[in-house]
Number of protein chains: 4
Amino acid sequence: MARPRNEDRRNAILSAATRAIASQGLGAPTAVIAKEAGVSNGSLFVYFDTKAVLLNELYVALKTEMATTALAGIPAESEPREQLLQMWTQWLHWATAGPEKRRALAQLQVSDDITADSHQAVYSASSAIADLLERSRAGGPMQDAPLSFVLTLTNAIAETTIDTVIREPAEAETLIRVAFDAIWRVVAGA
Amino acid sequence: MARPRNEDRRNAILSAATRAIASQGLGAPTAVIAKEAGVSNGSLFVYFDTKAVLLNELYVALKTEMATTALAGIPAESEPREQLLQMWTQWLHWATAGPEKRRALAQLQVSDDITADSHQAVYSASSAIADLLERSRAGGPMQDAPLSFVLTLTNAIAETTIDTVIREPAEAETLIRVAFDAIWRVVAGA
Amino acid sequence: MARPRNEDRRNAILSAATRAIASQGLGAPTAVIAKEAGVSNGSLFVYFDTKAVLLNELYVALKTEMATTALAGIPAESEPREQLLQMWTQWLHWATAGPEKRRALAQLQVSDDITADSHQAVYSASSAIADLLERSRAGGPMQDAPLSFVLTLTNAIAETTIDTVIREPAEAETLIRVAFDAIWRVVAGA
Amino acid sequence: MARPRNEDRRNAILSAATRAIASQGLGAPTAVIAKEAGVSNGSLFVYFDTKAVLLNELYVALKTEMATTALAGIPAESEPREQLLQMWTQWLHWATAGPEKRRALAQLQVSDDITADSHQAVYSASSAIADLLERSRAGGPMQDAPLSFVLTLTNAIAETTIDTVIREPAEAETLIRVAFDAIWRVVAGA
DNA sequence: GATGAATGAGCTTTCATTCAT
DNA sequence: AATGAATGAAAGCTCATTCAT
């Protein structure tokens, strides 16, 4: 019966936070985020109880979006290598298309404000990626390593590639292909 | 005011900063760092003009120490693979022996306070590692990629491995071997 | 906007305010009071234009209730001492039965938010008590003092007694008798 | 070897807090207190860790000063009534001379920020007053009541008197005498 | 040079009040 | 009338940096 809580506002705040963190780091003031979102100082705290809550929800949202985008439309019947390639391409596209998201994520990932719960939530959302990697490494040199290791390893290589692509866009084509071959060698062997 | 006499004090501050950042993040107050170093609040600023300067110098110092340790005593005449293996082992040993240094480094690496100059300085200090990787990739699938990409890629894989080893020390032996094989596949191919 | 229909809601807010102030002090947020009353944030301001108005009305309401209860059923024809004793007993009963009212009142009494008008209103509502004290002191050592002084003095003694009774209920019987004798000595002499 | 912490500043802050609380209540902003003390916002927190600490220390300081002043120079060999009269006079003088202290104290006394420790500290500082009341009530109608009751009762009567004297200074002489007689009747009987 | 008190801008968070629904 | 989201002006407190001693 009152003014309903507005999902758009919530998203505007998350989006503004992404930009603010990308350019000013995790210390970006909530006041700056609110202004960037076109919302009053106090409204931010209507949608997120504390700054730490905002950070955690942003982290989960970005990671989830990344995983969803990377996995979109992958045909279930094709070969693991084909599937991984498509995922890889889509992943890179997402990251290079929105470099601010990538930059914000890099800061959030190492922040002490991110709780174990948030990391767990992200891990769950990435289970389809985990499945794909599981199938890709079958019979290869990584078959006995902890799956979490293979996951974070792939992630690290992807992020390094993304950063390099963002820094040297001219080499993008080559880099993306070279990097995928490298990942395949890591996960599946020659 | 930035011509310090006492090298011990300077080092005590850097060391305290490592611990403080590892446990409290980059937001660790200078007052806390000073106290941890057994030095007064004001003295910190005799040795480092600003907090940003301290952070940058710490970054360079840690990275340089890491490179120096990794490269120590590598016989010039042996095979690249042998040399890389030794470097790898020493690198991992340094990182797992001092996990606080590793944690502090992870935060510093993505911080906006670290200047391009500092990144450049680190890059220069790592030239011997670059040389080794240059020799290792000769004739392999990475021979045409930018060397900086190969460097950061190796770095990323190493850090992922280190984090996993710190988290699951029981698997250390296996992980270190598996990870080295992976790196070799990335850099030199099969 | 301050012409309420629903008297129950109004009372619920006053009652909730009593409890909130007793436990959190005068700084108790209006939001807390509203929730405690089972009423929405905004509704509180339909019944009371500002927080200060709420505080003042609560003050007057509590004091009035206290006076009314204290004076209930006192036979007009009995001796002043008898009347005063009955009032005293009823007063103490009211206060010890609802210690939150007593606690809230203690805070309100010294608050700057309570206007002179409110104090005046309370004074008027207490005229019957004033009359009783006037009759009680006749011919005694307080006969020439300002009546307001005798009133506040009696009040202060009562409140001290109440606080002590609440803190040490085991001694209640003794305390109440001892305190009444003391008041009588103050007002009427030996 | 550094700038020493300055006792005068500390006292200036306590004194400013007394004035600010007297005129604005316990909600008086620390910024106002600091400015009133001629000290920077941050300096206040060098001397008092939190606002609550400031409030508690102010409460203890004021009560202690009050007790000390009230007890000054009382000849040990004189009669209890004489001693009590002198204490009473000095007490009233202190309170009427600095009505802001009295007003601040009234707010602090009922505040939730004042800890049990502070109340205890005050109680200890008032032990000489307690002794005097103990001697005064010997053989009288209050001899079996809890001493703490007699203490707070006396206190309440004193404060009521002070408030009335401040409000109606013309009647001061009469009031003080009448009130002392009343206290004596309360404590010692006729 | 060393110390730590002093500073004040800046931060997160709260809250009385308003207003769209 | 009722609701609760929206607002923005504080509030308490922190902290990098300066400076008197």
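Basis of the calculations
Residues numbered from 1 in each chain as written. Chains lettered and ligands numbered in written order. Predicted model: local features only at pLDDT ≥ 70, side-chain atom pairs only at ≥ 80, totals over all residues. Heavy atoms only, no water. Least-squares fit on C-alpha atoms with pLDDT ≥ 70 in both. UniProt positions renumbered as here; feature names shortened; annotations may be inferred. Helix = DSSP H or I, 4+ residues; strand = E, 2+ residues; numbered from the N terminus. Contact = heavy atoms within 4.5 Å. Buried area = accessible area lost by both parts, 1.4 Å probe. Salt bridge = Lys/Arg side-chain N within 4 Å of Asp/Glu carboxyl O. Nonpolar A, V, L, I, M, F, W, Y, C, P; charged D, E, K, R; others polar. Polar contact = N/O pair within 3.5 Å; in protein donor to acceptor, adjacent residues only side chain to side chain.

**Description of the relation of the copies chain C and chain D**
Of the two same-sequence chains, chain C is brought onto chain D (RMSD 0.2 Å, axial shift 0.1 Å) by a rotation of 179°. Classification of the inter-copy transformation places it as that of a two-fold axis.

**As for the UniProt feature "DNA-binding region" (unreviewed entry) in chain A**
On the UniProt side, "DNA-binding region" (unreviewed entry) is annotated at positions that read residues 29-48 of chain A here. Secondary structure over residues 29-48 of chain A splits into 70% helix and 0% strand, and the C-alpha atoms at its two ends are 14 Å apart.

**Description of the interface of chain C and chain D**
Opposite the 30 residues of chain C that make contact, chain D presents 29 residues. Between chain C and chain D lies a buried interface of about 2,400 Å² when both sides are counted; carbon and sulfur atoms form 66% of it. The largest contributions to the chain C side of the interface with chain D come from Asp112(C), Phe149(C) and Arg185(C), which together make up 24% of the buried area. Run the count over chain C and chain D and you get 2 salt bridges. Here Asp112(D) and Arg103(C) are joined by a salt bridge, their closest N and O atoms 2.7 Å apart. Of all the secondary structure elements, the ones that give two or more residues to the side of chain C that touches chain D are helix H1 (7-24), helix H6 (99-109), helix H9 (147-167) and helix H10 (172-188) of chain C. It is H9(C) that contributes the most residues to the side of chain C that touches chain D, 9 residues altogether. Grouping the amino acids of the side of chain C that touches chain D by side-chain chemistry returns 16 nonpolar, 10 polar and 4 charged.

**Focus on the arrangement of the chains**
At their nearest point, the C-alpha atoms of chain B and chain C are still 32 Å apart, with no contact between the two. Spatially, chain B and chain D are disjoint, and the shortest separation between their C-alpha atoms is 10 Å.

**Some words on the interface of chain A and chain B**
Contact with chain A, which involves 30 residues of that partner, is made by 30 residues of chain B. At the junction of chain A with chain B, the criterion picks out 2 salt bridges. Where chain A touches chain B, the interface holds 6 residue pairs in polar contact (both at pLDDT 80 or more). Every element with two or more residues in the side of chain A that touches chain B is listed here: helix H1 (7-24), helix H6 (99-109), helix H9 (147-167) and helix H10 (172-188) of chain A. Of all the elements, H9(A) adds the most residues to the side of chain A that touches chain B, at 9 residues. Split into classes, the residues belonging to the side of chain A that touches chain B amount to 16 nonpolar, 10 polar and 4 charged.

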